[in-house]
Amino acid sequence: MDAFNNFLQGSITLFSDPINILIFLGGVIGGMLFGAIPGVSMLTLAAILLPFTAHLSAEQGIMLFSVMYCTGVYGGAITAILFNIPGAPENAPTAFDGYPMTKNGQAGKAVGAAVMCSALGGVVSTIIMMAATAPIADWAISAFGPPEIFALVFFGLAVAASVGAKTFWKGWLSILIGLMIAVVGLDPVGGIERYDFDMPYLLAGIHFIPTILGFFAVSEIFVQAEKKVRGSYKAPKLSVDFPSLSELFAHKFAVIRSIVIGFFCGILPGIGATLAAFMGYNEAVRWSKTPEEFGKGKLEGVISSETANNAATGAAMIPLLALGLPGGALTAMMVGVFQMHDMQPGPLVFLTSADLVWVVFAAMFYANCSILLIGFLETKTIINLLRIPFQFLAPLILLLATVGAYAVRGLTIDIVVMFLAGVVGFFLRRSGYSIAGIVLGLILGKIGEQTFAQAMQMLHFEWSGFFDRPIALGLLIAGFLTLCGSIYGAFFKKAKTPQTPDPDSA
Amino acid sequence: MGRLRPGHLVEAGFWLGLCLFLYVYSFEFDKNIEIYKFGASGWPRAIILLMAIAAIGQLIHHYVKGDETSSQIISAAVDDGSEEAAHAAHHETVKWYLSTFALLAIPFIYMRVPEWIAGTSEPGDAGLHTARLIVAAILIAVVVYFIRHHRVRVMLMLPLFFAALLEDFGFYALAPFFIIGVMYLFGERRPRPMVLIMALIFGFMLTMFVKILYVGLPVGNIEPFYSIGSWVVTVLQ
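Residues numbered from 1 in each chain as written. Chains lettered and ligands numbered in written order. Predicted model: local features only at pLDDT ≥ 70, side-chain atom pairs only at ≥ 80, totals over all residues. Heavy atoms only, no water.

Thoughts on the overall build of chain B
Where we set the bar: Helix and strand definitions follow DSSP, with helices as H or I runs of at least four residues and strands as E runs of at least two, each counted in order from the N terminus. Classification of residues uses two cut-offs on accessible area relative to the type maximum, computed with a 1.4 Å probe and protein chains only: under 20% is buried, over 50% is exposed, and between them is partly exposed. The contact rule is simple, with two residues in contact once any of their heavy atoms fall within 4.5 Å. Per-residue and other accessible areas follow the Shrake-Rupley method at a 1.4 Å probe size, with only the shown protein chains counted as cover for residues.
Counting secondary structure elements, chain B contains 10 helices and 0 strands. In chain B, the order of α-helices and β-strands from amino to carboxyl end is α-α-α-α-α-α-α-α-α-α. Counting every position in chain B, which comprises 237 residues, the buried fraction comes to 46%. Long-range pairs, those at least 24 residues apart, make up 62% of the contacts in chain B between residues at least 6 apart in sequence. For chain B, the accessible area works out to roughly 12200 Å², and carbon and sulfur atoms hold 68% of it.

Take a look at the structure:
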């Protein structure tokens, strides 16, 4: 009942302030559009907006990002279905059947299924998140000290290394380079300067905003520039023909299964919605009586993937808000928003800023509902907006990123760092490294080193101290097992990754 | 050589070289901290060690499996087409990389050479301003020369060059040319849409950030660019 009252209070706060409503609507439409426009993603928009959240309250900033997260995950399905270009990794399995459906003239039905299932998965996940986050945070306050947080960071990074790059080793190198960037500046215990190369600029560390902008927004433009040289995609055939309720009801088990899978995957730090979408899709194939029809334009493929990835969005907020640990690139940027307001996400947020938490929860709930509304009413408009030529979008994105990087501290060197990060990101991406891994490493690196130092001081520098703390020990073992499994897989298993079926062969 | 290609060796060499450099540099701050026995260099050195292990693991992986994707990895999720695009555009040769890095030196030439010519780094020095104007003009001519036939390379360099010029020439004088340059590099050739879109984007940036949000963008140091930038800010605010 408390949760319901808090939700009502959050809803009132959200809708009683016109600025909040404006930010909410901006987040809903912006997330959906940037998720849907080929070549950019909600992460691009989030990176551009990150510096400007300093002008908003912490409540508004986090609310904006969480709303974009919900609608952006859905928006990415549109490009996956229409162009075979997933807006984000979590939409990749949607393309397996969504794009063949477009080829078969059923784009509208695929988009309609994505609308309904994204909304459903997201709403259910948000409701569970509202019920579960506060008790987990309460428990975390007493059960989670520095050793446990360090162990969770280790576990999260171990899991993240196995998703997102071309090989396990490249996943680890991506994360380690992020951790190394986080080392630059003053060390957290003694305040000793590290890797500053006698440059005063580096004393305060490499700022995460220009770095994130460079890795996500700028490198994306460079990748698109290269694709443009090669010659690009063809415009799809458009139709709007939503699936009937009975058609969706026929897939009720797929929906329920995907919600469960999505939620449990989303709660794991480091992987979240991407693994959720793939597992949702794979399970749908495994449980199907006609698995051979998947990859040729089967509605259930779109339903499973889109339900699971949106179900992961609410769950991904649990480790962020209850433990202060981001699970992916966008939640890592949310940590940035907290830090810009001199706050640290974690269990204490529920005590010190309960209003913030419940406004964010309410906003996520309504954002998922709005996917349904806007998806049904505005799909045609969104599809037509996708026709904006990229050559007109690219300079706008680059200039927005320029202003974003400069606005943080008023230093042109931040702009140079951002574009340099863009160039580095471009070369790393084309070599199969993970940009999300670098950013996770960058954000978790500071938390990891600080909690490691605190843990070792607490345990009097005795490693055996971890054996007396079951949660920390369990997480460390889980992390090591994940690592060992990945190393075993890297050397001894044959690759059997899901491949996008060739629609022309259908 | 197993399935190793020269590129794999270069990649491993890069990572191991980086590890060696970072390790050697860590002695610069290898100081004891009374309350923390691992000192300031313990954490970075642990990361360096793991990086070296991962780089060697990656090399062994290439030796055994070539470019095959690890079975644990959700490869389709990370396949954003960038590798495929690089391959299709023949942008993977040593020559391509060398010429790209040569072009990427342009912004850094601008950041260093004028000070070297003028013999001073004093921001207000008239001689330094003249040197910067001359060097910028020469480098812009080089960029214009390359822009038609090396689109991707120039695209990588142009934003960095723009950023390097911002401090001296200001956002207001450079942004219109930057917008047109990016559109050109993305294949737009029609003058009328280019000018129209440039005006729209520039107008939006000025209205949104200068007029509404009062973001103080760089106005430049060198005349007449400084006066132009200041005039735009005065008019808008």
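What about the overall build of chain A?
Of regular secondary structure, chain A possesses 21 helices and 2 strands. Evaluated residue by residue, chain A yields a buried proportion of 66% over its 506 residues. For chain A, long-range pairs separated by at least 24 residues make up 78% of all intrachain contacts whose partners lie at least 6 apart in sequence. Approximately 17300 Å² of chain A is accessible, and the part contributed by carbon and sulfur atoms is 66%.

Things to note about the confidence of the model for chain B
Residue and element names in this part refer to chain B. Let me state the cut-off plainly: Per-residue confidence from the prediction method is given by pLDDT, with values spanning 0 to 100.
For chain B, mean pLDDT is 86; residues scoring 70 or higher make up 89% of the total. Ranking the helices and strands of chain B by mean pLDDT puts helix α8 (residues 171-185) first, with 94, and helix α3 (residues 75-78) last, with 45. The low-confidence segment residues 72-78, where pLDDT is below 50, has 31 contacts with residues more than four positions distant or belonging to other chains.

Details of the pattern of salt bridges
The line we're drawing: Here a salt bridge means any side-chain nitrogen of Lys or Arg lying within 4 Å of a carboxyl oxygen belonging to Asp or Glu.
Going through the model one piece at a time under the given rule, you end up with 12 salt bridges over all chains. Between A:R194 and A:E449 there is a salt bridge, and its shortest N-O distance comes to 2.8 Å. One end of the pair, A:R194, is in strand β2 (residues 193-194); the other, A:E449, is in helix α20 (residues 435-458), and 255 residues separate them in sequence. For the residue pair A:R194 and A:E449, the accessibility class agrees, reading buried in each case. Across the pair B:D30 and B:R45 runs a salt bridge, and its minimum N-O distance is 3.5 Å. Separated by 15 residues along the polypeptide, B:D30 in the loop between α1 (6-25) and α2 (42-65) and B:R45 in helix α2 bring together distant segments of the chain. Overall, the relative accessible area of 37% leaves B:D30 in the partly exposed class. When salt bridges that share partners are traced, they join B:E115, B:R132 and B:D168 into one network.

Let's talk about the interface of chain A and chain B
Interface size, as often reported, equals the accessible area lost upon joining of the parts. Worth spelling out the cut-off: Two parts placed together each lose some accessible area under a 1.4 Å probe, and the buried area is that loss summed for both. We define a polar contact as two N or O atoms separated by no more than 3.5 Å, with the added condition that, inside protein, one atom must be a possible hydrogen donor and the other a possible acceptor, whereas residues neighbouring each other in sequence contribute only through side-chain atom pairs. Charged means Asp, Glu, Lys or Arg here, nonpolar means Ala, Val, Leu, Ile, Met, Phe, Trp, Tyr, Cys or Pro, and polar covers whatever is left, Gly included.
In this assembly, 94 residues from chain A lie in contact with 90 residues from chain B. Carbon and sulfur atoms supply 75% of the area that chain A and chain B bury against each other, a total of about 8200 Å² over both sides. Linking chain A with chain B are 1 salt bridge. Counting the contacts that link chain A with chain B gives 12 residue pairs in polar contact (both at pLDDT 80 or more). A per-element tally of the side of chain A that touches chain B places helix α18 (residues 390-409) of chain A first, with 13 residues. When the residues that make up the side of chain A that touches chain B are grouped by side-chain class, the tally is 58 nonpolar, 19 polar and 17 charged.

Some details on the packing of aromatic side chains
Residue and element names in this part refer to chain A. To keep things clear, this is the line we draw: Two aromatic rings from Phe, Tyr or Trp, using only the six-membered ring of Trp, form a pair when their centres are within 6.5 Å; if the ring planes differ by under 30 degrees the pair is stacked, by over 60 it is edge-to-face, and anything between is tilted.
This model, assessed by the stated rule, comprises 43 aromatic pairs over all chains. A ring pair is formed by F150 and F466, whose centres lie 6.5 Å apart and whose planes are at 50°; its orientation type is tilted. One end of the pair, F150, is in helix α7 (residues 146-161); the other, F466, is in the loop between α20 and α21 (470-492), and 316 residues separate them in sequence. Residue F466 is classed as buried on the basis of its relative accessible area, which comes to 4%.

Examining the nonpolar core
Grouped burial of nonpolar side chains is what soluble globular proteins tend to show. Convention followed: Among buried residues, the Ala, Val, Leu, Ile, Met, Phe, Trp, Tyr and Cys ones that are joined through side-chain atoms within 4.5 Å form a nonpolar core. Residue ranges labeled as domains rest on an automatic or database domain assignment.
Formed by 234 residues in total, the largest nonpolar core has its most connected members in A:W172 and B:F171. Shared between two domains, this core takes at least three residues from each, and those domains are domain 1 (6-72) and domain 2 (94-236) of chain B. The residues touching B:F171, leaving out its near neighbours within four places in the chain, are A:L399, A:V403, B:F162, B:L166, B:P176, B:F202, B:L217 and B:P218. By size, the runner-up hydrophobic cluster in this structure holds 7 residues, among which are A:I261, A:C265, A:A273 and A:A308.

Let's talk about the confidence of the model for chain A
Scored by pLDDT, chain A has a mean of 82; 89% of the residues are at 70 or more. Throughout residues 496-506 of chain A the model reports pLDDT below 50, and contacts reaching past four residues in sequence, or to other chains, amount to 19 contacts.

Focus on a nonpolar patch on the surface
Applicable threshold: For patches, a residue must show more than 30% relative accessible area and have no salt bridge; joins then use 9 Å for like charges and 5 Å for nonpolar side chains, namely Val, Leu, Ile, Met, Phe, Trp and Tyr.
A cluster of nonpolar side chains, contributed by B:L16, B:I56, B:I60, B:Y63 and B:V64, occupies part of the molecular surface with about 420 Å² of accessible area. As for its placement among the helices and strands, B:I60 is situated in helix α2.

Considerations on the environment of A:L473
The residue A:L473 is located in helix α21 in this model. The spacing of A:L473 and A:A151 is 322 residues in sequence and 7.5 Å in space, taken between C-alpha atoms.

As for unusual backbone geometry
Across the junction of B:E223 and B:P224, the peptide omega takes the value 5°, indicating a cis bond. Looking at where B:P224 falls in the secondary structure, it is placed in the loop between α9 (191-212) and α10 (225-236). With a phi angle near 60°, A:D198 is a residue other than glycine that sits in the positive phi range. Within the secondary structure, A:D198 is located in the loop between β2 and α9 (200-203).

As for helix α13 (residues 273-287) of chain A
Worth spelling out the cut-off: Expected span of a helix, by definition, is 1.5 Å for each gap between consecutive residues, and there is one gap fewer than residues.
An ideal rise of 1.5 Å per residue puts 21 Å on 15 residues; α13(A) measures up with 21 Å between its terminal C-alpha atoms. Restricting attention to buried positions, one finds in α13(A) the residues A:A273, A:T274, A:L275, A:A276, A:A277, A:F278, A:G280, A:Y281, A:E283 and A:A284.

Notes on the packing of α7(A) against α20(A)
Residues and elements named next belong to chain A. Short version of the rule: Axis geometry follows a simple rule: fit a line to the C-alpha atoms, using only the stretch in contact for helices, then measure angles between N-to-C directions, giving values from 0 to 180 degrees. Left-handed describes a crossing whose near helix is turned anticlockwise from the far helix by less than a right angle; the clockwise case is right-handed.
Running from N to C, α7 and α20 point in directions that differ by 145°, and their axes come no closer than 8 Å. Crossing angle aside, the handedness with which α7 passes α20 is left-handed. Together, P146, P147, I149, F150, V153, L157 and A160 of α7 and L440, L444, I447, G448, T451, F452, Q454, A455 and M458 of α20 make up the contact between the two elements. Of the residues contributing to the contact of α7 with α20, the split by class is 13 nonpolar, 3 polar and no charged.

A closer look at the side chain of A:Q391
Looking at where A:Q391 falls in the secondary structure, it is placed in helix α18. A relative accessible area of 10% means that A:Q391 is categorised as buried. Of note is the side chain of A:Q391, whose polar atom sits 3.0 Å from the side chain of B:E188. Contacts of A:Q391, omitting those with residues within four sequence positions, involve A:K228, B:M183, B:F186 and B:E188.

Describing the environment of B:P218
Tracing the backbone through its elements, the reader meets B:P218 in the loop between α9 and α10. Residue classification places B:P218 among the buried positions, given a relative accessible area of 8%. Not counting chain neighbours up to four residues away, the residues in contact with B:P218 comprise A:Y406, A:T412, B:L166, B:G170, B:F171 and B:Y172.

Looking at the packing of helix α7 (residues 151-169) of chain B against α8(B)
Residues and elements named next belong to chain B. Here is the rule: If an angle is under 35 degrees, it is roughly parallel; if it is over 145, roughly antiparallel; if it lies from 65 to 115, roughly perpendicular; otherwise it is oblique.
Following both chains from N to C, one finds α7 and α8 inclined at 175°, their axes separated by 10 Å at the closest point. With respect to each other, α7 and α8 are oriented roughly antiparallel. Facing R151, V154, M155, L158, P159, F162, L165, L166 and F169 of α7, the residues of α8 in contact are F171, A173, L174, A175, F178, G181, V182 and L185.

Observations concerning the environment of A:I259
All names here are of chain A. Residue position: I259 is located in helix α12 (residues 252-267). Along the backbone, I259 and V124 are 135 residues apart, and their C-alpha atoms lie at a distance of 7.6 Å. Not counting residues up to four positions away in its chain, the partners in contact with I259 are G121, V124, T307 and A311.

Let's talk about α18(A)
Residues and elements named next belong to chain A. The terminal C-alpha atoms of α18 lie 30 Å apart, and with 20 residues this matches the ideal 28 Å at 1.5 Å per residue to within 8%. Within α18, 16 of the 20 residues are buried, which leaves the element mostly enclosed by the surrounding structure. Looking one or two residues past α18, G410 carries a phi angle of roughly 70°, positive in sign.

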